[in-house]
Amino acid sequence: MSNHCKILWQFHPEKKQIKMKKIIAKYSAVIMAGYLFAVMFSGCKKALDLKPLDQVSDNTFWTQPTDFKLAANNFYGYLRAFSQTNTPGDWRNATDLGADRGSYARGTNTATSTDGNYTAAYSWLRSINTLLSKANSFTAPDQIKQYVAEAKFFRAYVYFDKLLTSYGGVIIVDEVLGLQSSQLTAARSTRDQTIDFIIADLEAAIPNLPLESAIPAVDKGRVSQQAAQAFLGRVCLYEGTWQKFRNGDATRYNALLDKSILNNNAVIATNQYSLFKPSALGDSALKYLFILENQKSNPAGITKSANNEYILAVRYESNNLLKTIPNQISFGALGADMSRKIADMYLCSDGLPINKTITNFSRATMTSEFQNRDNRMRYFMCMPGYRYWQNAANWHINWDWSAADLANARQPLDTWANGITGYEDQQWAAERQVPNSQEGYDYPVIRLAEVYLNYAEAVYERSGTISDADLDKSLNLVRLRINTDNNMPKLSNALVAANGLDMREEIRRERTVELQGEGFRMDDLKRWYIAQAELNKPLLGVHWTGTEYETLYSFTGSGTPPAGQRKRPSITLDGNGDVVADPVSERKFTEKNYLVPLPTTELQLNPNLTQNTGW
Amino acid sequence: MKHRKNAGIISTSPGRSRIKLLVKFSIVYLFLVLAASKSVHAQSSSSTTIKGVVKGLDGKPVEGVSITVKGTTTGTSTKADGSYSITVPSSSSVLIFSYVGFTDQEIIAGNRGGISITLQPGSSNLNDVIVVGYGTQKRATLTGSVATVDSKVFKDRGVVSNPIAALQGQVPGVIVSRSSAAPGQEGWAFQIRGASSVNAVDPLVLVDGVPLSNLNALNSINPQDIDNMSFLKDASAAIYGSRAAGGVVLITTKRAKSGKASIQYSGSVSQKRMGLRPGILNADQYGQYLLQAISNASPNGVADESWIWTKYARAWMNRPDSGYIDKTTPGYVDNIGFTDVLDYTFFDTDPMSILWGNGRAMSTQHDISVSARTDKMGYRLSLGYLEDGSMLKWGQNSNKRYTVNLAHDYIFSSKLKISTNISLQKNDVIVPTRQSVIDYSSQPGFPVSTIHGKPYAWGTQPGRNWLLELGGENKAYDTRVFLNTKLEYNIIKDLNFVAQVGYNWAGQDGKIEYKSIPQIYNYAETYQYQGNPRQDQSWYQRLNKKDAYYNTNAYLEYKKKVNDIHSIGVTAGVNYERDEYDEFGTTTTYLANNDVPSLGLGLGDNTTHSNYETQYHWAIASAFGRANYSFKDKYLFEANARYDGNSRFDANHRWLFYNGFSAGWRITQEKFMQGVKFFNELKLRAAYGTAGGQGGKNTIGYYDYIPVVNIGNAGPVLGGYTSRAVTAGPSGTLPDSLKTWERLENKNIGIDFTVLNNRLTGTFDYFWKRNKNMLLTQLMPAPLGASAPYRNIADLNVWGWEMSLGWKDRIGKVTYHFGGTLTDNSNKIVKLGGRNAITAGMNNLEGYAINSYFGLKYDGRIQTDKQAADYAALVPGNGVGMPGVTQVIKGINMYKDVNGDGTLTNAGANQHLLNKTDANGNPIADGDMVYLGRSDPRYVFALNMGAEWKGFDFSVVFQGVAKQNIYRRSDWSVPFGAIWQGQANWWVGKTWTPDNPNAQLPILTTANSGGFGGYNAYDYQISDWSLQSGAYVRLKNIVIGYTLPQEVARKAKLESLRVYVSGNDLWEKTRVQDKWDPEQTQTVSSGAQRYPFYRLITFGVNVTF
C-alpha cells in the first residue's frame, strides 16, 4: 500500500497539510487489514493438505497378512474364463473344430495398433510384482508365503497364457517399474529365457502352496500345489513339443518333457482328484460336468461338491446373481456349427477311426454316422431330429423326458438352421431354466483329464513309446469314462499294432476330442507345428451327395415345401459331395501366423522392440 | 470528493461521472445520494408541473421522447411539436428523458417550472456498469474483452431450463452446445473462444461472486432471476487465476431497483413439437430392401436362402394380411427359424411414432417477484416454477423446477452495508429407468401392444415402449441452497473493505427402481412369456449425493480520481474455498412388490444388497489483486494477478502465479479526433495474461500425488459359493507428484467503435492462446503395466477472432435494430508429448487441430469388372474392413492407395501424417490414412433483428454454423447398419445399382451376411466420402409482442401488461443425411441423446402491478 500513498503524495503536494491523525488512521487501517489478510492466507495454506477420504493409502496398506491375501485374490481374475474363450477375434478361440471362418483361423489377421491382451498382461504383472515387492519388506515372511507363492504362480500363468503363447519371447518385467525404468525400452527376451523364467516362478511357488487336501473350506478355489504342478506340466509339454517339432535342441526339449512327466505324475500320484463320473449320470457324466451348478442342473440333481475333477477353476454362482457367467454361453453354444474334422475324429465303438472300423459306419442318413461311435460324440454334438433343452426358452422341466418335459424342448433339431456345416454343438448349454448370461457353472482352467492327457503325450514324445501301464493310469481313464457300456477297447500298444494305427495320432485324437471346447486346439496345432497343414484345409460340413440330406433338402421351388421335403440351402459342394463351409481359397495360414504380431504402437514407443518375423 | 449538484445533471455522460463508478456496490455513493436527497427534501415538498420542449441536434422538435419521474412510474412522452407537460411530486424529483439511440438525461426538476433539452446522441452502453472480477467497471474505460448480456435474453423464450440455453448466438465467442432434448437432461455446455486444451475445460461460472463447483448447478438457476452476465474472455479473467483458462462467466442476480414496491408476474405456456424426424422404411420396403441388401452382400449376389435373415426377409415380402403369424398354431411349421420366439409380427408400424406419437408436449413456466427499495433497504423476493413436458409417450418423464430467491441488502450506517442472497432451488427430474432402450428401435414390425392391448414381447425382446412404460422410474430430486452474504465497509474515504461468504449446498436424493415386468405376451396372447425382467431381477436403488461448497473472500478496494486527470484503482484480497463431496447409495434386489419400492422390501438374502460410497474434497487458497490507472479517461491501463494454491497437487507444485495486463486507448478522446464527427467512440485494446486450467474434469484427480490401493468387493468366488472375495490392487494409474496446473497464455487485441451518431456499434477481437504445459497422459510402453499419469507435457496453439455489429435507428415511429456476431477459432497441437499413435477416426495429433478426423481417401466407385479385379489386388487382406478378398464387387467404394505401395491399409503407423521421414529422408510409406478435417464448428454466426412500433415489438434471431465436419455412421446413418432394427429411409433410391451408377451411396448391403461380412463397415468407414457437412442455419428465436399503452393498463390497475408469442428453433437448413438434428452430438448414443429435438411455440404474458 505504501506505493499507492507515494503516488498520492506526488499528485497532491498540497495534501501535506493533512492532519497527522488522518494519516495514522489510514495507515493503521491498512496495517490492520494487511495483518488480517496475512493471517487468513497462512491459515488457508495449511488448509490445502487434504487426504483421501474413501481410499486406502498405499503407505498404510501391506501391514497384515490379510492385506496380501486380498491382493492375491485379485489375481484370480486373470485366469482364462468364459469371457475370453468366447470372445470373437481372440486367437485362443480359433479352431478347426467349429465352423470358424474368423481371421485367426483363416490366417488373415493383421497387425493392430493396440492389443488389449498385451496391455492387460503387463498391467496384471504390475499388480503381481507389487505384491512380491511389498513382501520383501514384510516382517513375518512365513505368514504370507502362500500369497507370495500364488503371486509367482500367477506371474508364470500370465507370462505363459497371455504372452509367450501369443507373441513368443517377450520383455520380462519382474519388478514394479517407474516412468524412467530402463525395462520400458528393453529388447525382448528370447523364447528360452521367457520359458525359464516361467518355470523358475512355478518351481519357486510349488513348495509353498498348500496341498488340495490342506486347503480349508473357506479357501476352496485357491491355487493348490497340484494346480501349480499341473500347470508346470502343461508349460513344459507345450514348450518341449514346440521345440521338438521345430528341430530344437534335443537336450533342452527332452529335459522339458521330463519335467512335464514328473509334474503331471506328481499330480496323478496324490490321488486327490478324480474324474467326474457319478453312476447316476451314466454316459452323460461328461456333458453335465460342464454345466454343473448348485441348482438342479442334471437329472440326478448332483451339485458342484461332487466334482473332484477341476484342479483350478474360475468359479461362478448363479444364485442371487453372485457371479454369473457374463456371456450368452448357452444361447450361443447350443446349435453352434461344428466341422467335419471333429465329427470324423470320434472313434467308433471298436476303438478304431472311421476309416478302419469294422462297425457299419455309414453317412446314409442324417443320424447314421452317430451310431456305434465314441459316446462323447452324442454328448458334444447334436443329432438331427432329436430334441434338446436350453436355458431360456426350452428348459428341462423335470429331467424325466415325460411328455411335458419333451413339450418344452426345442423342436426336433434341424441341423441346417444355420446353414453352415450341418453339424451342431451342445457343450456348455445349460438345460435348467436360467436366463442367458446368468448360468453359474465353473470354467475349468485345469482339470484332471488334461493332466492325464498331458502325461500320456509327454511320455510318448519323450521316448517315442508309451507303455500300456502308463496309458492305463492316464489316457485310458479319460477315454473310457463314458465308453464302458459300448465296450470300447482301451488304447493299447496291441490295438495300435493290430490295426496299423499311429500312437501319436491316437494320443492327439484323445486330447482333441476330450478338450475340444476348452480353448486348447489352436495352441496344440501351433506347438505340433501342423497349423499350416490343418487350418489351410477347406472347412467341410456334412457329406451331401447320396445321403438323406440330399433327398430331404431337395425342394428348390418357392413357397412352402411339400411334406417330407425341406428347402435346399444354397451350399457349395466339393468333388466328393461334401459341403464346403469355407473354401481353401480363404485359408491363408502361413508361418508368420504361429505368433501374433506385437501391437504397432508398442513398436513406435520402444525402438528396441522387434516385430515377430513375417509381420 | 465533491458533489457537483449545482449542474443539475448528476449522471451518465462519460466525462463527468465520478460517482457512477461505484454504483450498486459503493456505500460512498449511496451515502452521498442519500445526503443529497435529504437536503433537497428540506427545501421543498410541494408538487409542481414541469413543461418544456425536446429538440434534436438539428434543432427540430422530437416526438415520442419518454419522460419519467425517477423512482416512480409517472411518465409521459413528447408530442409532435416536441412539447410535454408532467406533474412532479416535488422540486427535488428527477426527470429522466430517454429516446432510442440517445443518451438518457436525468435532470432535477427544481423550481424552474420548465425544462427544455436537446437530445445528446450517445450509445448509453458506454456508461454501462460492467461486472468484472471482484468489482465493477464502466464499459467506456474497460480494457479487457468482456461481453455482457442482460436479462432481456431470458425473456420471451418460454421454458428455459438452463440459462445457457438462451445464450446461443447471443455472445460473440461463446459457442453453446447441447447433447439432448430430454427434459432435465439437456446437457447444455458452452465454450468461450474455442478450446484451450485437449482436455475439456469448462468456463468458471460465478453467481454473485461465488463460483459454482460444477456447471450442473446451472440447471437449477432460474433465468428469470438473472440480471446480467459478463463473459471475461481474455486477460481480464486472470484475476480468477487457476480456473480461468476456459474463460469466466459472472452472473449477477436481480436485486430491487429503486422505487416503490412492485409486483411482477410473467408466465408462459409452450408447446413442444418434434423438429427434424427421421423417416422409417415401411413394411413393403423393409422386406424388399433387406433381401436386396443380403443378396448384394452374398457371394455372386445370390442370397443364401438357408440363412435365417434371408428367410426372414422373404417372410416380410410374403407377410400375411393379418400382419402376424402365431407359431403356437397347431401344425404350424416354422420355415423362418427364429427358435426362441412364438410369433412373427409384420405390422407397418413406425418406431418413431410408437415412442413419440405426434411429438407434442406442453411446458409451462411461471415467475412472480416482489421488490422494493427504501432509503436503507432493498429486497426482492421471487418465486419461480417450471414444468417441462416430455414428448415421450411411454413411462414417466418430467422435469419440474421450483425456485425461491431472496435478495436483501441493508445499509446500517454511512459506512456499512450488508447484502444477502438466499435461494432455494428444487429440481425434480423423472425419467424411465429403461431410458437407454430408446435407440434405433427394435426389430421392425412390432405392434404397439398385443391383440388385446397387453405388453408385447418377441421372444426375449419386449417392445421398447413397454420397457419404458413398465420398467420403473429413475427419480432425481435435486435441492440446492445458496447463501451469499457480502459486507462492504468504508474504512476511510476512497478505501473500502469487502468481505464475502458464500455457501452452496447441493443435494440429490435419488430413487431408481428397476421393475420386473411379469406380464408379457406374444401378439395373440396365446402364450405368456417368463417375466422380463423377472421378479428376482428387479432392484431398487437409493442414493444420496451431497456437495457442500463454501467460498470466503475479502478484499480492499481503493478508488481515487486526481484532478480529473488521473484515475487510480487498486483491489487486493484473499480467497479460500473448499468443496466436500459425499455420495452413497444402496441397492436391494428381488423386490417384494413393484408398486412399493423400499429398501426393506427385498426378498433376497444378504448377497442381494450392495452399497457404495464416494467421498472427496478439495480446497483452493488464493491471493489476488488488480490495479487500474487511466489518464484523462484516454489512456487506460490495468494489471491483475492471482496466486493460487490447490489441494489437488503435491505441496511442491501446488502454487502458481497468474497475471494479466491490458491497455486501452480511447482515440476519440484525443484532441485531433474532436472534429471527426463520424466517430462517436473508438477504442483500441490490447491484453496479455495467463490463466490456469485444471485440464478438464478427469485429468486431475483429487489426490493424484498420493499412491492408493484400490479395494474392491467384486472379486472371485472363493471358499463356499456364498460370497465374492475382497480384492486389493495398486491403482491403475501411477501416482504423480510433478504435475501442476495447465497455464494458458492469452493475447488479445480488440477494437470497439461507435459511429454514425451512435447508431452503429461494433467490436472486433483477435486472440491468441497458447497452452504450453497442457496435461496429457504420456503414452508409455505396455511393460509399465499402468497408465501414466497426466503430466504437463503438451503444447497447444489456439487463435481466432470474433466480431459483433449492431445498428439501431428509427424510421418514423418505428424503432428498429439489427446486428450479428461471427466467431471463428483454429488450433494446432504443437506438441503431444510423443503421443502420436494414429488410428482412423477422431484423433489428436501433433501438427493438427484438436479432434481432427483421419481416414481413407475416397477414390470413386467400382463400376467395371476390371476395376474390381484391379482393386482386389490393392486389398490383399481385410485391413480396411473389406469382408473378403474374393468378394470385391461392383458398387462399393474405392479408396486411394495414397502411399502407392500397392496395398491399401489404414492400420499402419501412418507416420507420413507427422511428416516423419526415414533415415534417407524419404516419406515413410506405412499407411494410407489422410487428414480429413477437424470436427469442431467453424464460423459460428448469429443474426438478430427487431423492431418496435406503437407498443408492438418484433424480434428474430438466426443462428448457425457455416462449416463443420461430422462423422456419424452407425445404425440409422447407414442403410441396414444393424440388420435387426427398424431402418431409416433417407437412403432409398440413392444407392448404387447398375442402372444408377452415379448414385450418391454405394450398393445396398447388410453389415453381415451368413458367414460372410457385408460391405457396410467397409463402405461407411471414415473417409472423406463418409464425412458429412454439419453446417446449418436455424431460426433460433422469433418473438412478436404487444405492450398495452400505459394509460390503458392503468385503467386495469396495472403498471404494465405485455403479451407475446414466441417460437424457438422453428426452421432450419441442414444437410445432415439421417435427419437427426445438426445440433445433436456427433455420435448420438442411446437414451437421453435419442430424444428428437423440438420446436417450441410459446404464448406468454408479463404483468407488473
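Residues numbered from 1 in each chain as written. Chains lettered and ligands numbered in written order. Predicted model: local features only at pLDDT ≥ 70, side-chain atom pairs only at ≥ 80, totals over all residues. Heavy atoms only, no water.

### Quick notes on the overall build of chain A
Inference 1: The secondary structure content of chain A amounts to 24 helices and eight strands.
Inference 2: Its C-alpha atoms give chain A a radius of gyration of 32 Å, more than 25% over the compact-globule value 25 Å for 615 residues.
Inference 3: In chain A, buried positions account for 59% of the 615 residues.
Inference 4: Taking the contacts inside chain A whose residues are at least 6 apart along the sequence as the reference set, 72% of them involve residues at least 24 apart.
Inference 5: With an accessible surface of roughly 23700 Å², chain A has 53% of that area assigned to carbon and sulfur atoms.
Inference 6: Put simply, chain A has 66 plus and 64 minus side-chain charges, and the middle of one group is 10 Å from the middle of the other. (Helix = DSSP H or I, 4+ residues; strand = E, 2+ residues; numbered from the N terminus. Rg over C-alpha atoms; globule rule 2.2 N^0.38 Å. Buried < 20%, exposed > 50% of the residue type's maximum accessible area, 1.4 Å probe, protein only. Contact = heavy atoms within 4.5 Å. Areas by Shrake-Rupley, 256 points an atom, 1.4 Å probe, with all protein chains shown as cover. Lys, Arg positive; Asp, Glu negative; His and termini not counted. Charge placed at Lys NZ, Arg CZ, Asp CG, Glu CD.)

### Things to note about the pairing of strand E23 (residues 416-432) of chain B
Residue and element names in this part refer to chain B.
Inference 1: Of all 17 residues in E23, 12 are buried; the element is thus mostly enclosed.
Inference 2: In this structure, strand E22 (residues 398-411) lies alongside E23, joined through 14 bridges in antiparallel fashion. Each residue of the ladder has a partner; that of Tyr410, found in E23, is Ile418.
Inference 3: Following E22, the chain reverses through four residues before pairing antiparallel with E23. (Pairing = 2+ DSSP bridges.)

### Some remarks on the nonpolar core
Inference 1: Among the nonpolar cores identified, the biggest contains 171 residues, and A:Tyr122, A:Ile128, A:Leu131, A:Phe153, A:Tyr159, A:Leu163 and A:Met381 are the most heavily contacted of them.
Inference 2: The leading source of residues in this core is helix H7 (residues 145-167) of chain A, at 14 residues.
Inference 3: When near neighbours in sequence (up to four residues on either side) are disregarded, A:Tyr159 contacts A:Tyr122, A:Leu125, A:Leu164, A:Val170, A:Ile171, A:Ile172, A:Val173, A:Phe197 and A:Ile198.
Inference 4: In terms of nonpolar packing, the next biggest core, distinct from the first, is built from 69 residues, B:Ala293, B:Ala361, B:Val974 and B:Ala984 among them. (Core = buried A, V, L, I, M, F, W, Y, C linked by side-chain atoms within 4.5 Å.)

### A look at the pattern of salt bridges
Inference 1: Applying the stated rule across the entire model yields 96 salt bridges over all chains.
Inference 2: One salt bridge in this structure joins A:Glu309 and A:Arg481, with 2.6 Å as the shortest N-O distance. Taken together, the positions of A:Glu309 in the loop between helix H11 (285-289) and strand E2 (310-314) and A:Arg481 in the loop between helix H18 (475-479) and helix H19 (493-499) put the pair 172 residues apart, joining distant regions of the chain.
Inference 3: Accessibility expressed as a relative area gives 0% for A:Glu309, which makes it buried.
Inference 4: Judged by its relative accessible area of 5%, A:Arg481 is buried.
Inference 5: With its nearest N and O atoms 3.7 Å apart, the salt bridge here joins B:Asp765 to B:Arg193. (Salt bridge = Lys/Arg side-chain N within 4 Å of Asp/Glu carboxyl O.)

### Quick notes on the interface of chain A and chain B
Inference 1: If you look at the interface, chain A gives 92 residues, while chain B gives 100 residues.
Inference 2: Between chain A and chain B lies a buried interface of about 8100 Å² when both sides are counted; carbon and sulfur atoms form 64% of it.
Inference 3: Taken together, the links from chain A to chain B amount to one salt bridge.
Inference 4: With its nearest N and O atoms 2.8 Å apart, the salt bridge here joins A:Asp49 to B:Arg654.
Inference 5: Listing elements by their share of the side of chain A that touches chain B, those giving two or more residues are helix H1 (2-11), helix H2 (20-46), strand E1 (56-57), helix H3 (65-73), helix H5 (103-106), helix H6 (116-136) and helix H24 (600-605) of chain A.
Inference 6: Note that E1(A) and strand E36 (residues 708-712) of chain B share two bridges and pair antiparallel. (Buried area = accessible area lost by both parts, 1.4 Å probe.)

### Describing a nonpolar patch on the surface
Residue and element names in this part refer to chain B.
Inference 1: Judged by side-chain polarity, Ile263, Ile368, Leu381, Leu383, Val404, Leu406, Ile422, Leu424, Leu483, Tyr503, Tyr550 and Phe1105 come together as a nonpolar surface patch covering roughly 900 Å² of accessible area.
Inference 2: Secondary-structure elements contributing two or more residues to the nonpolar patch are strand E21 (377-388), E22 and E23.
Inference 3: With respect to the helices and strands, the residue Ile263 is situated in strand E17 (residues 262-274). (Patch = residues over 30% accessible without salt bridge, like charges linked within 9 Å, V, L, I, M, F, W, Y side chains within 5 Å.)

### Some points on helix H6 (residues 865-874) of chain B
All names here are of chain B.
Inference 1: Along H6, the residues that are buried comprise Ala868, Tyr871 and Leu874. The arc that holds every buried residue of H6, seen down its axis, measures 110 degrees, which confines them to one face. Across H6 from its buried face, at more than 90 degrees, point the exposed residues Asp865, Lys866 and Ala873.
Inference 2: The secondary structure elements touched by the buried residues of H6 are strand E45 (893-895) and helix H7 (1016-1019). (Arc of directions from axis to C-beta.)

### Some details on the packing of helix H16 (residues 448-463) of chain A against helix H20 (residues 503-514) of chain A
Residue and element names in this part refer to chain A.
Inference 1: Where H16 contacts H20, the two axes come as close as 10 Å, and the packing angle between them is 165 degrees. Taken as axis vectors, H16 and H20 run roughly antiparallel relative to one another. Here the hand of the crossing between H16 and H20 comes out left-handed. Residues Ala449, Glu450, Leu453, Asn454, Ala456, Glu457, Tyr460 and Glu461 of H16 touch H20, and the partners they reach there are Met503, Arg504, Ile507, Arg508, Glu510, Arg511 and Glu514.
Inference 2: Looking at the contact of H16 with H20 residue by residue, the class counts come to six nonpolar, one polar and eight charged. (Axes fitted to C-alpha atoms, helices over the stretch in contact; angles between N-to-C directions. Parallel < 35°, antiparallel > 145°, perpendicular 65-115°, else oblique. Left-handed = near helix turned anticlockwise from the far one by under 90°. Nonpolar A, V, L, I, M, F, W, Y, C, P; charged D, E, K, R; others polar.)

### Examining the side chain of B:Asp650
All names here are of chain B.
Inference 1: Residue placement: Asp650 occurs in the loop between strand E33 (635-646) and strand E34 (655-666).
Inference 2: One buried charge, Asp650, has no salt-bridge partner; the nearest side chain with opposite charge is Arg654, at 6.5 Å.
Inference 3: Contact partners of Asp650, with chain neighbours within four places excluded, come to Tyr705 and Ser737.

### Observations concerning the packing of aromatic side chains
All names here are of chain B.
Inference 1: Across all of its chains, the model carries 84 aromatic pairs over all chains by this definition.
Inference 2: Their ring planes at 75 degrees and their centres at 5.3 Å tell us that Tyr527 and Tyr529 sit as a pair that is edge-to-face.
Inference 3: For Tyr527, a relative accessible area of 30% corresponds to the partly exposed category.
Inference 4: Above the ring of Trp1025, the side-chain terminus of Arg969 is found at 5.5 Å from the ring centroid. (Phe/Tyr/Trp six-rings, centres within 6.5 Å; stacked < 30°, edge-to-face > 60°. Lys NZ or Arg CZ within 6 Å of the ring centre and 35° of its normal.)

### Describing the sheet that holds strand E4 (residues 83-88) of chain B
All names here are of chain B.
Inference 1: Pairing in this open sheet of three strands is mixed, and the strands run E4-E1-E7 from one edge to the other. Single-partner strands in this sheet number two, and they are E4 and strand E7 (117-118).
Inference 2: Sheet topology note: the strand E1 (residues 48-55)/E7 ladder contains two bridges and is parallel. Among the inter-strand pairings, Val54 is bridged to a residue of E7, identified as Ile117.

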